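Reading the structure
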Amino acid sequence: MEDAKFHSALAKAFESALSYLSGLDRAPVAVSVDLATLRSRLGKVLEDSSRPAEEVINELVKDVDGSILGSTSGRFFGWVIGGSLPSALAADWLTATWDQNAALYSCGAAAAVAEEVAAGWLKEILGLPARASYAFVTGTQMSHFTCLAAARHALLNRCGWDVEKKGLYGAPPIRVLVSEQRHGSIDRAIRFLGLGQSQIVALPTDAMGRIISSALEEALRSEPFSPTIVALQAGDICTGAFDEFEKLIPLAKQHGAWVHIDGAFGLWAGASAKYRELVRGVNQADSWTTDGHKWLNVPFDCGYAFVVDAVAHLESMLHRAVYLTHDGQARDQIDWNPEWSRRARGFPTYAALRELGRHGVAELIERCCEHSEMLVTRLAQLPDVEVLSVPVLNQALVRFLDSRPNALNADHDRRTDDVIAAVVASGEAFFTGTTWHGRRAMRLSLCNWRTSEADIERTVNAFANVLGDPRVHLADGAPTVKYSKIDS
Ligand SMILES: *Cc1c(COP(=O)(O)O)cnc(C)c1O
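The paragraphs below set out a description of the structure included in this document.

1. Some thoughts on the pattern of salt bridges
Tallying each qualifying case throughout the model produces 33 salt bridges. Put simply, glutamate 15 and lysine 12 hold a salt bridge, and the shortest N to O gap is 3.5 Å. Placement of the pair is glutamate 15 and lysine 12 together in helix α1 (residues 2-23), with a separation of 3 residues, close to one helical turn. The salt bridge involving glutamate 428 is made with arginine 458; its shortest N-O contact spans 2.9 Å. Residue glutamate 428 is found in the loop between α13 (409-426) and β10 (432-436), and its partner arginine 458 is found in helix α14 (residues 453-467); the two are separated by 30 residues along the sequence. Assessed through its relative accessible area of 27%, arginine 458 is described here as partly exposed. Bridged by salt links that share partners, the residues Glu115, Asp301, Arg331, Glu339, Arg342 and Arg345 form one connected network.

2. With respect to the site of the ligand
Close contacts around the ligand come from 13 residues, with Gln141, Asp262, Asp291, His293 and Lys294 the closest. At 2.9 Å, a backbone N or O of threonine 140 approaches an oxygen atom of the ligand. Contact between the ligand and aspartate 291: an oxygen atom at 2.7 Å from a side-chain N or O atom of the residue. Contact with the protein chains hides 85% of the accessible area of the ligand, taken as 380 Å² for the molecule alone. Looking at the shell around the ligand, its residues break down into 3 nonpolar, 7 polar and 3 charged.

3. Let's talk about the side chain of aspartate 262
By the element assignment, aspartate 262 lies in strand β5 (residues 258-262). For the buried aspartate 262, no salt bridge exists, and the shortest N-O distance to an oppositely charged side chain is 6.7 Å, to lysine 294. Within the structure, the side chain of aspartate 262 is placed 3.2 Å from the backbone nitrogen of alanine 264, a separation counted as a polar contact. Not counting residues up to four positions away in its chain, the partners in contact with aspartate 262 are Thr140, His144, His183, Ser185, Ile186, Leu232, Gln233, Ala234 and Thr289.

4. A few points about the environment of alanine 189
Examined against the element boundaries, alanine 189 turns out to sit in helix α8 (residues 184-192). In this structure, the C-alpha to C-alpha distance between alanine 189 and threonine 146, residues 43 residues apart in sequence, is 8.6 Å. Aside from chain neighbours lying at most four places away, what touches alanine 189 is Gln141, His144, Phe145 and Leu148.

5. Notes on the pairing of strand β6 (residues 287-291)
For β6, a buried count of 5 out of 5 residues is recorded, marking the element as mostly surrounded by other parts of the structure. Side chains Ser287, Thr289 and Asp291 of β6 all project onto a buried face; the interleaved residues Trp288 and Thr290 project onto the opposite face, where all are buried too. Taken together, the 3 bridges between β5 and β6 define a ladder with parallel strand orientation. Bridge pairing links histidine 260 to serine 287 in β6.

6. Thoughts on the environment of isoleucine 365
Along the chain, isoleucine 365 turns up in helix α12 (residues 346-380). Judged by its relative accessible area of 0%, isoleucine 365 is buried. Through-space distance from the C-alpha of isoleucine 365 to that of serine 272 is 6.8 Å; in sequence the pair is 93 residues apart. In this structure isoleucine 365 touches Trp268, Ser272 and Trp295, once residues within four positions along its chain are discounted.

What counts, and at which threshold
- Residues numbered from 1 in each chain as written.
- Predicted model: local features only at pLDDT ≥ 70, side-chain atom pairs only at ≥ 80, totals over all residues.
- Heavy atoms only, no water.
- Salt bridge = Lys/Arg side-chain N within 4 Å of Asp/Glu carboxyl O.
- Helix = DSSP H or I, 4+ residues; strand = E, 2+ residues; numbered from the N terminus.
- Buried < 20%, exposed > 50% of the residue type's maximum accessible area, 1.4 Å probe, protein only.
- Near = heavy atom within 4 Å.
- Polar contact = N/O pair within 3.5 Å; in protein donor to acceptor, adjacent residues only side chain to side chain.
- Areas by Shrake-Rupley, 256 points an atom, 1.4 Å probe, with all protein chains shown as cover.
- Nonpolar A, V, L, I, M, F, W, Y, C, P; charged D, E, K, R; others polar.
- Lys, Arg positive; Asp, Glu negative; His and termini not counted.
- Contact = heavy atoms within 4.5 Å.
- Pairing = 2+ DSSP bridges.

As structure tokens, this is what we get:
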């Protein structure tokens, strides 16, 4: 009876998962259902009585139809979002099925060991020190939190301050030197850790978004005795640019700073002989963050934290309670992670790395970068397209110009937003915009294993159609047109 219930619900899930995945090439990438419809479809009255599991799944699938963003499609280039490799997705299903609480070895033995093994592989592939401690967290946001909790411990410990015991009341302030182009998750981690947003010093960057080394040097010299965190970037979310680790890390270390690397996607350059140059010297840092759910293409809820000073990491997270059981030999994740109960999120990473192998990871990284370059090159051949930043890795910025002779920057800005909106509305591909040095631009991010040359071709055609469509051309003084569907 119980088996039959599982069978019918899981069979339905399996069938709709396969039909979703095989329909990705035909379905619009963007969501086609509006908020009100979605609320009315899902907003059912919570009934007193029960329902068969299969029926619940059936209705869920029906109710969300048209409202699942095609972010796992090969023609999704928005934000920085990867897809899911087949083995990673399958392992994720099993993770839910096994339903382990991966807090302790005694609570999920295989989960603990899978993380241990996968962490070793990750360090090897990314070129990080083998001795670094690690944590599998929800994403880069919590990875920053974990790494910087260790930084907070280590820096204050050097001042004779026990932060875990005394908190920050009366503690020496910690300065955080970061790029003005940093990802906002750094700021949030600083907030969560109680260090205070006003301790953040935003350093100027060059045209590509890299920290200017003389600015870092000056900031370090200005307060030689302040405990300091320097957070550098491996991969700017707009340009994909990398800070000059070989120069900046030794400089920061000379001044006693803790160097943390935001490598949410860019750290993966280290997996490829072709792109490894970009991360030269990055292994000299104190802590690193990267995501599995972006470029490794495992399902969401997967980031990794690595810390050289394992003692500082452990001291900042360690948890003991009388009712817990610890195996002296095994690693208990609770001692290294900010969560208590947690998903056994190591399995999908373990599976993805085994599916790809070392060469497969390198090939995935290189293919995405090549496709990114191909896409930018092809777009640049279309009329009135300006490339603001060519891919150094997988990210790029493109702008669409208003072709009228007296067009101003504001017109180009509007044109750029219009073209993005029209391509998204066509359902053929998905992009997001940004403002880069005061100008609107389309961001292009490519980190999905599925993206093929045919996807690039289709995407370029979608732009060609939009750019050739008179409805997208602004008449003098005319309001911006809203597009429902551009026929191709
Ligand atoms: C995505 C991203 C983050 C945030 O990562 P999450 O996994 O979403 O928490 C931080 N920094 C960079 C550079 C990113 O691309």
